Amino acid sequence: MRRFETWVLWLFVLPAVFIYANTLADGIHAECLDNRVQFTIQGSWSARGPLEVYAVNDTQTVLLTPYLAAQCGYTQKFDPWGNTIVSASQQSCFTQNKDDLEFTVVMQFKLYEFPSFSEKVHDVIKSCPLKMMSREILCETNFMQVSVRNAIPDKETASKQWPTVISNLQLWKVILYTPEENSFDEEDILRMGYSLNSSPTRLVMRSPYNMAGNYVQKVADVDMIVLKSLVLYRDLWMMTIVESSAACPINGAAVVGQLISWRVPLHITPLVSSGVEIFEVHMGVNGRRLSYEEMASRNYTMTFTDSHIVVEIPIGAPDGNYKSHVQTECYHISYTIEPMIEILWKEGLDNTTYKVLFPITTPLTYLTPQFTDNTKAELKMFDVLLGYFLPDVQLWNITFGFEVLSVSEVIHRGLILQEHSYPNGTKAFSLQVSFSDPNVQKNLYKLQPDVTTYTLSLVFEFVILPELRSFLHSVVLEASLRDIVLPQAGGKCKQERFEIYVSYGSTQHSNLKITLGESELNNQLLQQYTHHQNDSHLTLNIPLMSPDVVFESVQLAGIVGRLDVKVQDSSNDWHFKDFSLTCPFLVPLLECFSNGTMTVVLPKLESVPTLNPRKLSLRDPACKPFYSDDHVAYFHFALSDCGTSRMFVGDTIKYENEVTLTGDEPLQKLYDSLATHHQQYRIVVSCIYTANATRSAVFQSVSPVEPNADIGLGDLSVQLRLSQDMVYRLFYHNEDFPVLKFLKQPLYFEVGMDHSSDSRIAVVLENCWATLHEDRTSNPRWDLIVDGCANPKDPEQTTLHRVMPDNRVHFPDHFKRFEVKTFAFPDDDNFDDQDATLARRVFIHCDVAICHMEGAADGSCFKQCTAPPNQSVGDSKRVRRRANFTEEKLQHVSIGPILLM
């Protein structure tokens, strides 16, 4: 219960509520809301940079910190649209008061504009008239305030009533109830954080909610924080006591379903007695009263019980706003509204207005962003929409796979990124990304090779303003499109060759694996065949006698060959095409000559995979093939030799022989050891003569299955190659040059024939040298090998290596290998400065001969190199070449350039 104890009684007049508003320049709006003044700074203005708020009076300009604002009667908050709202009590610390009838609030807003942070200052003045009741209690969001008529007579009135007394009342003491009674001086009260202001007619006391002198009291099951105080005035002859108490609810709100329910005690017992007369109750929002019609249009209700005023507000009502939050790294929202209850009551002759502004925020609600995939695969573009968010959510960046791009970088890359706003206040973001974007992964569908699956991983990062809290939302986009033209392959028979074509379709030819017979087609094998290749197809001509061809049968008139072709994807092991091309070739395998000789070509047949043609012989075991390899045996013999039989039939003579295994072991024994279902296999060759002319040739074979064989042919040519390692397994190709090597790093070279199977020939390395230019005859010249041996003037620089047989090298005599330790052209006294600057770019050249060992009785196919005597440092490093072969018999090979660092 509030008491006024004074010797002077004052009359009270019920005031009206005044609201004055106007919009000032630069987007600042000011309005009078009864006993408050509210300033709204539009978000478009304040977004230009940091904003500082100052309170101004006649003598000073003070920056409003949160602590000072609560002590002096100011509040500051933000709405979801970025507007800054500053409210001031008309009786704040810095308000200019004119006879307690008109109050002027002056604010200063200082903006630091980006990017220069230059100051832009705006002073805003707002004057509002105010008629006040005996007592006015204001419960703001960060402070509570009580304003009471102080009932102190002025000197003129006091001198008329008490002529012998001179009144000069001064504020003496403040008594706080915590709830224990404590007495303080005015300075102590201000130091504690309270605000105390006295005018000729009013006393204003203000307290932040968290003051130690306040206490909590439960009123009708609602907790209220109470400021209870008495202010004492006195002079020599007079004392006045003014009660200055306030009580504000700190709870009482609840969320039930989609309704917010707020209970306020009907009788504020810390301030009034039970016999108080309540004559008006108003409901409002954001400091503004609402009429009953306005409440009905918003579905607000206000009801009364014996002990409470109950206000119900639907969640999402237009006077409130939603706010975004981040909790557990996920997107949440809440709804906030600031309802107001205003109660007017009368106790005796005193009227009180009690106003509570009570912001209510609903508990956080998890909101899953809605992802809409509008992708149409036939357009080859991902098209997605991600929403729906509140206006305080901003898209910060997007991660494409492992690449993080800001919004501006996304747009700069040419991607279509848009923000969409909707009438309900939400927004969404759409993104379009082409299937051809480098961040889109392309995978072939395993069950359908002509279908491509496009996948794009996205991580959207959003920030919430103004807190700049961030959260992520990840999506994986996937679309399948039948957009692949599958490879095709086929072939046809040509004269003594197979013609194979492969159409790549839309597949990268580097991903295709083509197998001919048992051999995978690589660059090395490709160079052995006549071919034509471009980005769309490959055409190959495979000779009949290629090792990749198998022979199904042999007859007198010719041979039946087959080439098996497989086309598959090397990364997914898909078989696009498997086919076999079988062709009859009119190639005679037996010839009878009038000089009494016969030639027979016997290919290895598919039905006899274990047969080694080298072990074949005629009836006479000493008559072995004139030439043989793994695929074919070639016999040339006289009809009077090798166990050839002769039989006279009329006027004809028939010569006959039979091919057997070495050791006079007939072929039948070999095939008897095979599966029991194999029949006898015999090859009988014969020639029939009449008079002195060849009459006919007969070639007979009996086989349980269709036979096959291979013949390998190749030109006697050599090549010079640079090995990538010291074991001569991997070599550089032409397209790898120039090759970068370091000075002093060994270089490993090989000269050889890859395509010959004649064991009677050998490669002879006559001379090798290095030049600075591609022309092998250019100077300067550095000799490496001279007459088949290391340069005798500098033997440590070049080393000849022995060639051992392996999977690639079947005839070691077909290859020569040497190692070069280093090059040191600038050290040569005969090189000028210009040559020295080019010395790091080197070409290697060699003179090579092919030697037939059976006809090289002079030992020219092989040469023994002896270690030369030690040379002095001053000896020349170039020697004259002495050739063992004529120039016509030499082949010249070169390689380079090699860059030496």
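Residues numbered from 1 in each chain as written. Predicted model: local features only at pLDDT ≥ 70, side-chain atom pairs only at ≥ 80, totals over all residues. Heavy atoms only, no water.

Chemist: So what exactly am I meant to see when it comes to the overall build of the protein here?
Modeler: Per the secondary structure count, the protein includes nine helices and 71 strands. Here the protein holds 901 residues, and the buried ones make up 48% of them. Residue pairs in contact within the protein that sit at least 24 positions apart in sequence constitute 63% of those at least 6 positions apart. Total accessible area on the protein is roughly 45,100 Å²; 51% of this is exposed by carbon and sulfur atoms. (Helix = DSSP H or I, 4+ residues; strand = E, 2+ residues; numbered from the N terminus. Buried < 20%, exposed > 50% of the residue type's maximum accessible area, 1.4 Å probe, protein only. Contact = heavy atoms within 4.5 Å. Areas by Shrake-Rupley, 256 points an atom, 1.4 Å probe, with all protein chains shown as cover.)

Chemist: When you look at the confidence of the model for the protein in this model, what are you seeing that I'm missing?
Modeler: The predicted structure's coordinates, where accompanied by low pLDDT, should not be read in detail. With 82% of its residues at a pLDDT of 70 or more, the protein shows a mean pLDDT of 81. Element-level pLDDT for the protein is lowest in strand 1 (residues 4–5), with a mean of 29, against a maximum mean of 97 in strand 27 (residues 308–314). Across residues 1–21 the pLDDT falls below 50, and counting only partners more than four positions away or on other chains, this stretch makes 64 contacts in the model. The low-confidence segment residues 692–696 (pLDDT under 50) makes twelve contacts with residues lying over four places distant or belonging to another chain. (pLDDT = per-residue confidence, 0-100.)

Chemist: Looking at this model, I keep getting lost on unusual backbone geometry. Mind explaining?
Modeler: Glycine aside, the phi torsion of most residues is negative, and most peptide linkages are trans. In the segment running from Thr178 into Pro179, the intervening peptide bond is cis, with an omega of 0°. Mapped onto the fold, Pro179 is located in the loop between strand 14 (170–177) and strand 15 (181–184). Note the cis peptide between Gly387 and Tyr388, where omega equals -5°. Mapped onto the fold, Tyr388 is located in strand 35 (residues 381–389). In this structure, Asp787 takes a positive phi of about 55° despite not being glycine. Taking the relative accessible area as the measure of exposure, Asp787 reaches 9% and is therefore buried.

Chemist: What is the right way to look at the pattern of salt bridges in this model?
Modeler: Note on pairing: side chains with opposite charge can pair once their charged atoms come close. Applying the stated criterion across every chain yields a total of 25 salt bridges. We note a salt bridge from Arg289 to Glu342, for which the minimum N-O separation is 2.7 Å. Here Glu342 lies in strand 30 (residues 339–347) and Arg289 lies in strand 25 (residues 288–289), a separation of 53 residues in the sequence. Looking at Arg289, the relative accessible area reads 29%, which means it is partly exposed. Note on Glu342: relative accessible area 2%, which makes it buried. (Salt bridge = Lys/Arg side-chain N within 4 Å of Asp/Glu carboxyl O.)

Chemist: Is there a simple way to explain the sheet that holds strand 69 (residues 815–820) in this structure?
Modeler: The strands that make up a sheet pair up through hydrogen bonds in the backbone, lying either parallel or antiparallel. With respect to topology, four strands assemble into an open sheet ordered 62-64-69-68, the strand pairing being antiparallel. The open sheet has two free edges, formed respectively by strand 62 (719–723) and strand 68 (798–801), since each of these has just one partner strand. If you compare each strand with its neighbour and ignore which way they point, the axes differ by 25° on average. By the bridge criterion, four bridges tie strand 68 to strand 69 in an arrangement that is antiparallel. Across the sheet, residue Thr799 finds its bridge partner in strand 69, namely Glu819. (Pairing = 2+ DSSP bridges. Axes fitted to C-alpha atoms, helices over the stretch in contact; angles between N-to-C directions.)

Chemist: Please clarify how the sheet that holds strand 65 (residues 761–771) should be interpreted in this entry.
Modeler: One open sheet accounts for six strands, arranged 63-71-70-65-66-67; its pairing is mixed. Lying at the two open borders of the sheet, with one neighbouring strand each, are strand 63 (739–741) and strand 67 (789–790). As paired strands, strand 63 and strand 71 (residues 890–900) are joined by three bridges and run parallel to one another. By the bridge assignment for strand 71, Leu740 is matched with Leu899.

Chemist: Is there a simple way to explain the side chain of His473 in this structure?
Modeler: Residue position: His473 is located in strand 42 (residues 469–481). Apart from the residues lying within four places of it in its own chain, the contact partners of His473 are Pro369, Leu386, Leu458, Val459, Phe460 and Phe462.

Chemist: Hey, could you run me through the pairing of strand 8 (residues 84–89) in this one?
Modeler: For a regular strand, side chains alternate in direction, first toward one face of the sheet and then toward the other. The element strand 8 is largely enclosed, with a buried count of six among its six residues. Residues Thr84, Val86 and Ala88 of strand 8 are buried on one face, and the alternating residues Ile85, Ser87 and Ser89, pointing to the opposite face, are buried as well. Alignment of strand 4 (residues 36–41) against strand 8, held across six bridges, turns out to be antiparallel. Bridged to Phe39 within strand 8 is Val86.

Chemist: Just checking my understanding: could you explain the nonpolar core for this structure?
Modeler: In globular proteins that are soluble, nonpolar side chains generally tend to be buried together. Counting residues in hydrophobic clusters, the biggest one holds 57 residues, and the most contacted among them are Met205, Met283, Tyr300, Ile341 and Tyr354. Looking at this core element by element, the count peaks at seven residues for strand 19 (residues 222–234). With near-sequence residues (within four places) excluded, Tyr300 lies in contact with Met283, Val285, Leu290, Met295, Glu312, Ile313, Pro314, Ala317, Asp319 and Ile337. Counting 34 residues, the second largest nonpolar core, distinct from the first, contains Leu516, Met545, Phe576 and Val632. (Core = buried A, V, L, I, M, F, W, Y, C linked by side-chain atoms within 4.5 Å.)

Chemist: Just checking my understanding: could you explain the packing of aromatic side chains for this structure?
Modeler: For any pair of aromatic rings, the description rests on two quantities: the centre-to-centre distance and the angle between the ring planes. Summed over the entire model, instances satisfying the criterion amount to 23 aromatic pairs. Seen from their ring centres, Phe389 and Phe462 are 4.6 Å apart, and the 35° between their planes marks the pair as tilted. A residue pair is termed long-range when its members are at least 10 positions apart, and Phe389 in strand 35 and Phe462 in strand 41 (residues 448–464) qualify at 73 residues. We note that Phe389, like Phe462, is buried. (Phe/Tyr/Trp six-rings, centres within 6.5 Å; stacked < 30°, edge-to-face > 60°.)

Chemist: Which parts of the structure should I look at to understand the state of the cysteines?
Modeler: Linking two cysteines covalently through their sulfur atoms gives a disulfide. A complete count under the given rule lists six disulfides for this structure. For Cys32, the disulfide goes to Cys128, at an S-S distance of 1.7 Å. Taking the sign of the torsion about the S-S bond as the criterion, the disulfide between Cys32 and Cys128, at about -75°, is left-handed. Separated by 96 residues along the polypeptide, Cys32 in strand 3 (residues 28–33) and Cys128 in strand 11 (residues 118–129) bring together distant segments of the chain. (Disulfide = S-S within 2.5 Å.)

Chemist: Which parts of the structure should I look at to understand the environment of His852?
Modeler: The residue His852 is located in strand 70 (residues 841–852) in this model. By relative accessible area, which is 47% here, His852 ends up partly exposed. In contact with His852, not counting residues within four places along its chain, are Arg760, Ile761 and Cys861.

Chemist: Looking at this structure, I do not really get the pairing of strand 66 (residues 781–786). What am I missing?
Modeler: The buried count for strand 66 comes to five of six residues, which makes it a mostly enclosed element. With four bridges connecting them, strand 65 and strand 66 associate as antiparallel partners. Pairing of Cys768 across the sheet is with Ile785, part of strand 66. Here strand 66 runs beside strand 67; their pairing, made up of two bridges, is antiparallel.

Chemist: What am I meant to see in the environment of Gly316 here?
Modeler: Relative to the helices and strands, Gly316 is located in the loop between strand 27 and strand 28 (321–327). Excluding residues within four positions of it along the chain, Gly316 makes contact with Tyr322 and Tyr335.

Chemist: Which parts of the structure should I look at to understand the side chain of Ser92?
Modeler: Along the chain, Ser92 falls in the loop between strand 8 and strand 9 (96–98). Within the local environment of Ser92, its side chain forms a polar contact with the side chain of Tyr74, the two groups lying 3.1 Å apart. For Ser92, the side chain forms a polar contact with the side chain of Thr95, separated by 2.5 Å. Ser92 has contacts with Cys72, Gly73, Tyr74 and Arg206, leaving out every residue within four places of it along the chain. (Polar contact = N/O pair within 3.5 Å; in protein donor to acceptor, adjacent residues only side chain to side chain.)

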